[in-house]
Amino acid sequence: MNKFPGMFQSSSLTFCFSVVCAALCLVNSSASADDWGTIKGRFTFGGTPPASLEIKADKDIEVCGKHKLLNEELVVGADKGIANVVIFVRDKNVKVHPDLAKTKSEKVILDNRDCRFHPHVAVLQTGQAFVLKNSDTVGHNSNVATIKNPASNNLIPSGGEVSQTLSSDEAIPAQVNCNIHPWMKAWLVVRPNPYATVTAADGSFEIKNLPAGELELQLWHEKAGFIQEFTVGGKSEKVAKGRKKVTITPAGIDLGEMVISAGAFTK
Amino acid sequence: MPATEQTWRNLKALHVVFAITSILLLISTIAMLAIDHNRPWKKYQREFRNLETWSARAAVDEQDSRSYEATTKLLEEKLTEARTAPLDSAIAAQFVIQAKTDPVDAVAVDRVQQDIDVLASQQSASERLVLRGDLLQRCRDIAKRARYREELAAGQLKLRKAEFDKARADYELGVSDDAAESELAPLLLIADSKRAEVADAGLINQGANSHRKNLEGLVRQMVAAEESAAKLLADHRQKLSLLAKTVKDRAPNVGKSLLELPVLDAFNSPLRPDQLWLPQLTLNNNFRDVARFDRCTTCHKGIDKSAPGSPDEQAYQEQEILAVSLPTPSSKPIGESAGNENNRLEDAYGFQFSPRGLFHSEDSMVSVILPGSVAAEAGLAVGDVIAEIEGGRILSQSMAFQSLLETLTWGKPLMLSVRRGVPQPYTSHPRLDLYVGGSSPHPMQSFGCTICHQGQGSSTSFEWASHSSNTPKQGLAWHKEYGWFNNHHWILPMLPQRFDQSSCLKCHHQVVDLEPTERFPEPPAPKLVEGYHLVRQYGCYGCHEINGWANPDKRIGPDMRLAPNYHEVAQSISIDPGLASASGPVTRWIDEVSSATDGKQARERLREYIDRDAASGNATLSPRTHQLASLLKEPETPGTFPKVGPSLRHVSSKVGFDWLYAWLRNPTDFRPSTKMPRFFGLWEHLSGKGLEESKLYEPIEIRSMITYLLNASQPFEYVLPFEGITAKPDIERGKKVVQVRGCLACHQHADFPDAKNNHGPHLSRIGAKFSGTKQGSDWLYSWLREPNRYHPRTLMPNVLLTPVKLPDGSISDPALDATVYLMGSTENWKPSDIPAADSLVEQERQSLNELALLYLKDRFPLVQAKEYLEHGIPADVGALMQGDERLLTGMMDANRDGILLDYVGRKTIAKLACAGCHDIPGYEDSKPAGAALADWGRKESSKIAFEQVSNFVLGQMNSASHHAHASHETSTKHDVHGTLHDADAHASDAGHADALPHSSDVNKESDENSDTPVAADLAYAAGSHASHTTPHSVDPDTGYFLEKLLGHEREGFLWQKLRAPRSYDYKKTENKSYNERYRMPKFPFDDKQREAVMTFVLGLVSEPPAPQFINQPSIQEQARLHGLVVAEQYNCGGCHSLEMDRWDIRHKPGSLGEAPTISDYPFLSPHFNEQEIAQSLITDRKGRRQSTLRGAPVLDEKTGTPQMVDEDGVPLTADDTESVPHHLFMLYRDALIDGEARRVGAQNLLVPKDALLAGTEYRGRGGDFARLLFPVVIADEKQINPNVKADDAWGWLPPPLIGEGKKVQSSWLHRFLLNPEIIRPATVLRMPKFNLSSSDSSSLVAYFASVDGADYPYEYDPRFEDSRLVEAEKSHPGHLEGALRIVTNNNYCVKCHLLGNYAPPGNLKALAPQLERVHQRLRPDYVHGWIANPRRFLPYTGMPVNIPFDKPVSQDLYSGSSDQQLDALTDLLMHFDGFAKKNLSLDAYFKQQPVAPEPPPSSAANVQPALGLSAIEEKRVDLQELITTPPSPSSPTSEKLP
């Protein structure tokens, strides 16, 4: 069961992830298959996943109290897939597939809806239009704690929106909070290229049209920080600072099911 | 008598005599000349001249190096390039058009046009150069001719004006002569026509003027490029020529050498003594003040020299050895300059050697360093001598070349050992920004040297200048080198280095003005200031008055005296039985005088009342009360310092006999960190009878003191617990209360090792103090609730602990919880070896009798004294008797012990001057018991009783070195205070004379114990002591003091007095009575603290120089200084940051990233002037720029320690060695980096760690407790809300008070400090209520205003005016209503803020201050800015930007621009009360149902009416929760107990 209704509906344009995927699907057929490849994989939870903690809204109860709010720091699906693991290409000057360029003109929306942020992790390219929106009937604010970009904290009245662009990329996702509703938290991934994604509810991810050759992936999760260790096919693999080197081939690579032990999330 | 050839004397003999005397005269003349020629200071002057010449030459070399030539060439090329470039066609065309407007130049203009065309098509550069030159010349000629014509036109204009003036004058003359109209008309006509001519000429002139200006402007534009290139080149060349000139001026030449020849040098020699004449800074020469002549600069010629281009960097620093790691190129460089080693060196590293060294010709001395080169970045500097390379000594330059260019592993850094600086006396003064420098506060020309350093300024030789050695070793070296000796006859010898800060006190009477300031962030006199604070903390002034006033108009030094003890007097009076009949106001007056706020008026009235009573004839009040009344009168210059110890007025309500006994016997036994000194058991100097007496009498003295204290103790009313408490007291909850409710801001406790503040006592064993008595826990509870009930002036504030509703619904009393926790904190300490409280054994009784007799003997003849002791004092005699002896009236066998103990106790307390630190009933009028210290620094050593202490100290040290190894372990413990084991050591050592403090110091430098004959005749006669311990045989510091002690100098006396005050009784107890012994207790100082105290005391000389030299701060600065003293007294900085950290970083350009572009309200833009911007763009030799950051490093939310990140801002892991470490820094003041402003609140700066290492970090003032709690409150909140944002936690903690002066209104702050209200509901602790006097509060308010440069005491802002609203309403109808719509809209302010009786429901942590009270609290300007962008004022705040700068919001609420909306909100908040009163009800504005108005406060003992049942009551519960913020994470959302 999808615990986060609306989060991974492919029709929703509010999700960068979906946008990127859709764009990737479109361009794949036209690009030269020799130079580009796909990477995919899946993150799962090793051990018994903790029960998801319900958050009891204590503010604007008539609006926020209607929805079941959960602590989204660690979201593990029924099949132990870990959602919201961030995967992006660390190299900043990586060659971008020509047809992916237009993804940059799409808007990325981080919506305050039902007293939570939609999506929980937003993926943004530098220079891309970023819209902070409030679809709720109560006021929200979005306290964006970027490191390389100027931090901002705007009040977004009900039905309103604030748009901005971020010019520098961020090496780790930046935290977004709502001070009015302190339980609300989201993350913002800002990269100089479109090669960034977040795992779906089942823990799977896919990045298409990566340039062939060696690349360095950054693996990150909000509770675990850098994902430094996981098990693939029973074999333990250590990745210092969550930086995994991969070699992209036109045939595409599959990292397989990467099991992260429960211990990594107890920090 | 016939004339003979015979002479009176034998001529031959006379010739011989004459010849011999001539020769002698010649020899002596020559000798005289030779001695004069060879005066030592001349040598120094010559050497210094060489040094100066060398530095100038090095500067030339640096300019002259190959890079200089390269730059010259480059600049020349640029110039040629500019001169051969084609003219800017647009400008040229403009010129032609402009020039053509004047047809006179038509021909010339055509020619110009032709030339322009030719030039454009000309290929050859040389041709172009000529052509262009001609062309420009032609253009200039045209402009010149235009100027000529303009001048002609101006001349014409002048002429016409003159004619017009004449015509007008003619007409006016006509008018005044009453000429006929017919005569006047033509005159008027002429004047009119002349006026028209003037107008015409004016037009022509204007035209010519603008024509010329245009032409000249265009010519300037045409040549702009080449002129700037030419200027760069000229500047570049001038630098060198200036330097070359300096070299020429400095270098010796034939003329100078001639004048320095013997004999000739008596006349106008370039070498001559330098002299500073200081007529104002007089020197007291035996009762006569004479002008001061300082000739120190004769030898110390470089003392005021600063490095080129810097006003305060030393030109010549003192020698030191540095380690430098010099990176090498990856492979051996191959260059054309193979032959020249210096050039190769420059190629490889960017530096060169001087052809020969300065002080030693073979030295490898660096003379050139290219800016930005490897050498510059490694930290090499011009003048450095390379002493070692990779551990190998470098003896010549060829060796250095070899090691640097041949025999090395390329690519691997070389480790160099570098000697930097120059030897004495050539060095420059340290801190030229502070001393000696021309722009410093103490310029050499006006202050000279000896006013600070002392010594004999008029002397030009080392030995007679009274230099003072800092260690015996240095003295010895000086003796060998200069024949130095300790000149006892000069009463003002130079201060040794260790005490050089003492002199500051002559002019800096407030002492706190020597703490770091904005201008001088580097502490100016840290040791002295530490000494001052120690004197304050340990309350030395309780016994030793330090009176800073010679008379009420003349300040002579620091003033440290006890404040008048009105409240003690009032409390004493309050129990006078005679008051029963007094009328109402009297009791009120007494209460007011007893209270902290010091009711001045009440005091006067009370005194008058008592005086009237005394004079009335049938007095109802007791004689004691009459006596005390005089103490209520305010002295002319009252002291200001409180007694440092706790009040003992109600001591029996608090502690019992056992604890008191243990405490008095040795305070460190119970509390190792106590500041209370030790009075008893100081026996190490005693033996025989003296020791015997001490052992017998001291226990009796302790018992008797306790008897008196408990007997005299006044009754105390305990605070009763709150009613309605349903939760049982809980130790864990209590621990949390102690942790978060503020205790740790002042107290330490073993359970919280990170809390380091020691403003209040250590609490780890506090339970053991109170467990001895029945009421101990009641007392502790009362103390926690209302400390001022026990002591109205106590520094312990009321932390306002009120009942808290726990998550399970029960009500707990945090004070009760804390009490049970603290009562359990004992560390298993118990009083041990305590005698029975209520009975004396025979031996004790005998000692008691003996002691009593000692006192009685002082008062009565021996026989009578014995009689009184035996039978007591008869009632009739006692009734008339004054003094303590009255206590013996009616003594009988039954009450004998008790009465004698009481009597002896009273005497002992007086003897030991306990009332200097404590409020003790019966001692309200006691006077300080010790020697006054106001001029102790000048006390003549002949007036100091050294007694036999030298023998004692030497004996002690000798025996220590005999078994140094054996006693090492135990004796080191003496110096370490603070650990519990120490207490045991102290206790067990108490009776052992051989347990020696400082014996660990002995033999530290055992190689120094060569007792040379030279040492023997230095300062003291070592031979007279049959010992082998000398100042040279011990460590240098001890040696220094030992030398001073043996030489009977005051430093030595003071040292030993602080180490072992009673040791001056050594071998003296045999012939003095027990009560005549020295009484000073031993303070628990370590060596460093002792020296700091000495620095302060030695500086108390009471010799203020002329008023213009005394530091007289401005009114604003004065306010800051007063505030600092008060803030320290109440430990404001324990919780709050009063000043943020300051980081003066030195960074590589661009290494802090680029400044982000931010669009915000223009009035929030940072302001930096051109000069500051230019300054921030200067790159130093090491290729770094300097920036000043003020703020705080971002803390890790888990550990609370500063967070380290990599260059991307990613937190560093412990094992990460690859990433470049950076600090994350939160700015609290706008900074300027690389010429660009960085704003507060925009983003955290990523500061490379090396930029901070290369710069300086100055820690701010205060805020430790907030930092301590930061991770704690985050962890607590995470249990409720895992998504909490770390920055938000700052909003729950004591806020930094940066900008407080500009933020709040003075009157509000004054009231708030006296009676704090709740401002931010989200805080985990409340601002406590301090027992401040009204003037203390004023001082603090003035402090904040002064620090921020805010208006004080009254502030004006037009926004306060009601008329403003009328105007605003006119221009924008519905101005305030619109604002109120925004405030109350569901999206905006009331989302988080309290407003009136409306409280937004939800988590306490997200609640914001009451808006209704903003108009009382905040300054309008602050409110305006804050609403615009809160983060600009508090970078951590969670308050969002509600009204963005460029996008006005919700027009349906308030239609208008962003600025209008801001103004409206500010106006509303600043006039909220008036507005609210006018608009009857707020209800309409709330979509939600407002809560019911609050019922009147419940009368039942403060129990919170938080237990209601109805829905409305429930809502009010939330509001009440705010007032009683639970210390532990408990909020409406939490389900379980924390």
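Residues numbered from 1 in each chain as written. Chains lettered and ligands numbered in written order. Predicted model: local features only at pLDDT ≥ 70, side-chain atom pairs only at ≥ 80, totals over all residues. Heavy atoms only, no water.

(A) Molecular detail of the overall build of chain A. The helix and strand tally for chain A stands at two helices and 21 strands. Here chain A holds 267 residues, and 58% of them are scored as buried. A separation threshold of at least 6 residues defines the contact pool for chain A, and within that pool the share at least 24 residues apart is 70%. Entry remark: accessible area of chain A is about 10300 Å², with carbon and sulfur atoms responsible for 52%. (Helix = DSSP H or I, 4+ residues; strand = E, 2+ residues; numbered from the N terminus. Buried < 20%, exposed > 50% of the residue type's maximum accessible area, 1.4 Å probe, protein only. Contact = heavy atoms within 4.5 Å. Areas by Shrake-Rupley, 256 points an atom, 1.4 Å probe, with all protein chains shown as cover.)

(B) Highlighting the overall build of chain B. Each helix and strand counted, chain B has 53 helices and 24 strands in total. Considered along the principal axes of its C-alpha atoms, chain B spans approximately 140 × 135 × 95 Å. Of all 1538 residues assigned to chain B, the portion counted as buried reaches 52%. Between the averaged position of the 166 positive side-chain charges in chain B and that of its 200 negative side-chain charges there is a distance of 2 Å. (Lys, Arg positive; Asp, Glu negative; His and termini not counted. Charge placed at Lys NZ, Arg CZ, Asp CG, Glu CD.)

(C) How the structure looks around the sheet that holds strand β7 (residues 121–125) of chain A. Residues and elements named next belong to chain A. The mixed open sheet is built from five strands, whose spatial order is β7-β13-β12-β9-β10. A strand with exactly one partner marks an edge of an open sheet, and here the two such strands are β7 and β10 (152–156). Geometrically, the sheet is characterised by an average inter-axis angle of 20° between neighbouring strands, direction not taken into account. Direction of pairing for strand β9 (residues 140–145) relative to β10: antiparallel, over a ladder of five bridges. Each bridged residue has a counterpart across the sheet, and for His140 the counterpart in β10 is Ile156. (Pairing = 2+ DSSP bridges. Axes fitted to C-alpha atoms, helices over the stretch in contact; angles between N-to-C directions.)

(D) Highlighting helix α1 (residues 11–37) of chain B. Counted at 1.5 Å a residue, the expected span for α1(B) with its 27 residues is 39 Å, and the 37 Å between its end C-alpha atoms agrees. Of the residues flanking the start of α1(B), the one acting as N-cap is B:Asn10, its side-chain oxygen 2.9 Å from the backbone nitrogen of B:Lys12. (Expected span 1.5 Å × (residues − 1). Polar contact = N/O pair within 3.5 Å; in protein donor to acceptor, adjacent residues only side chain to side chain.)

(E) Representation of the side chain of B:Arg1062 in the model. Structurally, B:Arg1062 can be placed in the loop between α37 (1050–1059) and α38 (1087–1098). In contact with B:Arg1062, other than residues within four places in its own chain, are B:Phe679, B:Leu682, B:His685, B:Tyr1078, B:Arg1079, B:Met1080 and B:Pro1081.

(F) Broad picture of the state of the cysteines. Summed over all chains, the structure comprises one disulfide over all chains. Between the sulfur atoms of A:Cys64 and its disulfide mate A:Cys115 the distance is 1.8 Å. The sign of the -65° torsion about the S-S bond sets the A:Cys64-A:Cys115 disulfide as left-handed. You can see A:Cys64 sitting in helix α2 (residues 61–64) and its partner A:Cys115 sitting in the loop between β5 (108–113) and β6 (116–118), a full 51 residues away along the chain. Among the residues examined, A:Cys64 registers a relative accessible area of 1% and is labelled buried. Free cysteine B:Cys743: the closest other cysteine sulfur is in B:Cys746, separated by 9.1 Å. The closest cysteine sulfur to the non-disulfide-bonded B:Cys1392 is located on A:Cys178, 8.0 Å from its own sulfur. (Disulfide = S-S within 2.5 Å.)

(G) A look at the sheet that holds strand β8 (residues 414–420) of chain B. Residues and elements named next belong to chain B. Strand order in the open sheet formed by four strands is β3-β8-β6-β7, with antiparallel pairing between adjacent strands. What marks the edges here is a single partner per strand, and that holds for β3 (320–326) and β7 (392–393). Of the pairings in the sheet, the one linking β3 to β8 comprises seven bridges and is antiparallel in character. Bridge assignment links Val324 to a residue of β8, and that residue is Leu416.

(H) Main features of the environment of B:Ser594. All names here are of chain B. Mapping Ser594 onto the fold places it in helix α17 (residues 584–594). In the structure, Ser594 is positioned 513 residues away from Pro1107 in sequence and 39 Å away in space, judged by C-alpha atoms. Excluding residues that lie within four positions of it along the chain, Ser594 makes contacts with His567, Ala570, Gln571 and Pro792. A polar atom in the side chain of Ser594 sits 2.7 Å from the backbone oxygen of Ile590.

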